[in-house]
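Notes for the structure review
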Amino acid sequence: MAQKQKQQPQNNHQRIYVLQLRKAESIHCLKEPHHLMCYYDYGTGRTNRLHPKHHHPLRRLFFLLSSLCFSLLFLSLLFYSLGTEQILQVERNLQAVPKPPCSSMQNNSICCDRTSIRTDICFMRGDVRTNSRSSSILLVSSPATSNITEEKIRPYTRKWEANVMSTIDELRLRQVADSRFHKCDVTHDVPAVVFSTGGYTGNVYHEFNDGILPLYITSQHFNRKVVFLILEYHDWWITKYGDVVSRLSKYKPIDFTNDKRTHCFKEVIVGVRIHDELTVDPKKMIKGKTIRDFRRMLDDAYKGRIKYIERIDGRRSLVPVQYLPTSSTSEVYRPKLVFLSRSGGSRMIENEAELVAMAKAIGFQVQVLKPDRTTELCKIYRELNYSDAMIGVHGAAMTHFLFMRPGKVFIQIIPLGTDWAAETYYGQPATKLGLWYMPYKIQAKESSLYREYPKGDPVLTDPESVGKRGWEVTKKVYLDRQNVRLDLWRFRKRLVRAHAYLVAKKRNQNAQ
């Protein structure tokens, strides 16, 4: 009797789970000596009761099925308990993992995180003052402060490349006890972020990957209440990226080297964080920000400038014709395809005119862009933001996929010897942004190198082995001396698939 009383709560608990499995008008249960049997009544108009002594064959079958269901239910509860314990163990393991360096630091201190292979980043908190004459940032502490420290840092995100890092100005972060010689000329009530626009700046890939995206990752959580101190300051960089920088800080950037005033802060971050190639890792971001949030920031940054350009150009709207409401439902939808054309004699498409004609024949509205260093960035953004597809040969200009809206098509033409770089630098990041990435790897016959090397040469048959000779060889052979002549019939399949996808997507949108 005592044993049955102990089992009763367990049976009630099990019946709750039975009730959660299916809905019925009512449920009936019979208490057997060793188990509780339940069945469902779906309102057939009859009372379905099981008599313990007179079992109809169908009832006997139902009894067996119910017993089987109960056994499965018991096992699921067992595994549920085991799964819960595993989850709790994972949580305990995560709590045991040490926090990253500088995640919690006291006031009046300097802390540097040098654990990343890509970049160093240092934090200063307290009475922080700049001293550009000595390339220093000072933390003023009381004379009684022990463990006076000094750190050195080059605030650029290619830490593993010694050659380029040697061109970046080095800063000294020092604790000092006497502030008489460093009186504040400008006092700020917001933090500062110090970074460099040197290094590979001048190449649009590096400008975004090594600079703009890391700046966003490091500073966006300040909600524009942050001051930027820039080493290797370039007026052209401010002109080119001023719209973007203004969405991250509402204050004018400071040329650290040439501004001799002493700027005082309560907190300074020296260096910027980087996650991966042209992306934002939400797991490492406050509030889980993603690369799509970065793109929305670009939308806000260029909105005003684009509207101004539209007024100057006298255009009716920023939006291309196919996005405007139409009075005729029979009008043929022509997706907009932007073709980024290369110039300069390397990785050009030799039969570009034929490619454009073919795309138009398939049903695309084609626009050819030839951006260079003097092209205003927001004009490129305007075209790609309202494009449906983008085509280009692997190279720095592929960085502009960041200007496309998620759900659109990105076709990257991959010359010989560039497979890994094309996938790593642009293919994977484009997928993370939400684009349909369609790589087109050329065959040897589509490369201009096919006319320079014998058919069996490793340059044509085994580019990977050539790449093992070093970056300089790869650059000289595959990047600086290779053009492309597309097999249009083979490439046409990509365009047809992209066109069908975009038309079907537009049709579904209209149906909704």
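All values reported here derive from a predicted model rather than from experimental measurement. (Residues numbered from 1 in each chain as written. Predicted model: local features only at pLDDT ≥ 70, side-chain atom pairs only at ≥ 80, totals over all residues. Heavy atoms only, no water.)

1. Topic: helix α8 (residues 377-385)
Defined as follows: Each residue is placed in one exposure class: buried if its accessible area under a 1.4 Å probe, protein chains only, is under 20% of its type's maximum, exposed if it is over 50%, and partly exposed if it falls in between. Numbering of helices and strands runs from the N terminus, with a helix taken as a DSSP run of H or I at least four residues long and a strand as a DSSP run of E at least two residues long. Working rule for contacts: check all heavy atoms of both residues, and any pair within 4.5 Å makes them a contact.
Of all nine residues in α8, eight are buried, a share of seventy percent or more. Three or more residues of α8 are buried, namely L377, C378, I380, Y381, R382, E383, L384 and N385. Lining the buried residues of α8 we find α4 (204-219), α5 (235-248), α6 (291-313), β13 (336-340), β14 (365-369) and β15 (389-393).

2. Points about the nonpolar core
Applicable threshold: Residues enter a nonpolar core if they are buried and are Ala, Val, Leu, Ile, Met, Phe, Trp, Tyr or Cys, with the set joined through side-chain atoms within 4.5 Å.
Of all hydrophobic cores here, the largest spans 58 residues; its most connected members are V193, F208, F294, F401, F403 and F410. Beyond its immediate stretch of four places on either side in the chain, F208 contacts L213, P214, Y241, L278, F294, L377, T399, L402 and F403. Core analysis: the next-biggest nonpolar cluster, separate from the first, contains 33 residues, I413, M438, L449 and F491 among them.

3. Examining the sheet that holds β13
Within a beta sheet, neighbouring strands are joined by backbone hydrogen bonds and run either parallel or antiparallel to one another. The condition that has to hold: Only strands that DSSP links by at least two bridges are regarded as paired with each other. Axis lines are fitted through C-alpha atoms, for helices just across the contact stretch, and the angle between N-to-C directions can take any value from 0 to 180 degrees.
If you trace the five strands from one edge of the open sheet to the other, you get β14-β13-β15-β16-β17, paired in parallel fashion. Edge strands, defined here as strands with exactly one partner in the open sheet, are β14 and β17 (436-441). This sheet shows a mean twist of 20° between the axes of neighbouring strands, independent of strand direction. Against the sheet, α8 touches β13, β14 and β15, its axis set at about 140° to β13.

4. Considerations on the packing of aromatic side chains
Threshold: Only centres within 6.5 Å qualify two rings of Phe, Tyr or Trp (six-membered ring in Trp) as a pair; their planes then separate them into stacked at under 30 degrees, edge-to-face at over 60, and tilted for everything else.
On inspection of all chains with the given rule, the structure shows 17 aromatic pairs. Relative to F491, the ring of Y440 has its centre 4.8 Å away and its plane inclined at 85°; by these criteria the two rings are edge-to-face. Pair noted here: Y440 is in strand β17 and F491 is in helix α13 (residues 488-511), with a separation of 51 residues, a long-range link. Here the two residues Y440 and F491 agree in accessibility, since each one is buried. Ring pairs connect the aromatic residues F195, F208, F228, W237, Y241, Y302, Y381 and F403, which therefore count as one cluster.

5. What about the environment of Y425?
Structurally, Y425 can be placed in helix α9 (residues 419-433). Residue classification places Y425 among the partly exposed positions, given a relative accessible area of 23%. In the structure, Y425 is positioned 31 residues away from H394 in sequence and 9.5 Å away in space, judged by C-alpha atoms. Among residues more than four places away in sequence, those in contact with Y425 are Y205, E277, L278, F401 and W420.

6. As for the confidence of the model for the protein
Basically, it comes down to this: Here pLDDT means the predictor's own confidence in every residue, given as a number from 0 to 100.
Looking at the protein, the pLDDT average stands at 83 and 76% of residues meet or exceed 70. Below a pLDDT of 50 lies the segment residues 90-97, which in the model reaches one contact outside its immediate sequence neighbourhood of four places, other chains included. Contacts for the low-pLDDT stretch residues 316-329, under 50 throughout, to residues beyond four places or in other chains number 24 contacts.

7. Some thoughts on the environment of Y478
By the secondary structure assignment, Y478 is in helix α12 (residues 471-479). Residues Y478 and G467, spaced 11 residues apart in sequence, show a C-alpha to C-alpha distance of 9.2 Å. Apart from residues lying up to four places away in sequence, Y478 is in contact with R347, L416, G417, L449, P458, V459, P463, V466 and V473.

8. Regarding the pattern of salt bridges
For clarity, the threshold we go by: The salt bridge definition used is simple: a Lys or Arg side-chain nitrogen within 4 Å of an Asp or Glu carboxyl oxygen.
On inspection of all chains with the given rule, the structure shows 28 salt bridges. Of the charged contacts, one joins E170 and R154 as a salt bridge, the two residues approaching to 3.9 Å between their closest N and O atoms. You can see E170 sitting in the loop between α3 (162-165) and β7 (171-176) and its partner R154 sitting in the loop between β6 (150-153) and α3, a full 16 residues away along the chain. When its relative accessible area of 33% is taken as the criterion, E170 is described as partly exposed. A relative accessible area of 29% places R154 in the partly exposed class. Across the pair K303 and D300 runs a salt bridge, and its minimum N-O distance is 3.7 Å. In this pair, K303 and D300 are both assigned in helix α6, three residues apart and thus about one turn of the helix distant.

9. Some remarks on the state of the cysteines
Put simply, the test is: For this text, the term disulfide refers to a pair of cysteine sulfurs within 2.5 Å.
Under the definition given, this model contains three disulfides. C102 shares a disulfide with C111; S-S distance 2.0 Å. Across the disulfide from C102 to C111, rotation about the S-S bond amounts to roughly -90°, and the bridge is consequently left-handed. Between C184 and C264 runs a disulfide, and the two sulfur atoms are separated by 1.9 Å. An S-S torsion of about -105° defines the bridge between C184 and C264 as left-handed. Placement of the pair is C184 in the loop between β7 and β8 (186-187) and C264 in strand β12 (residues 263-270), with a sequence separation of 80 residues. For C264, a relative accessible area of 4% corresponds to the buried category.

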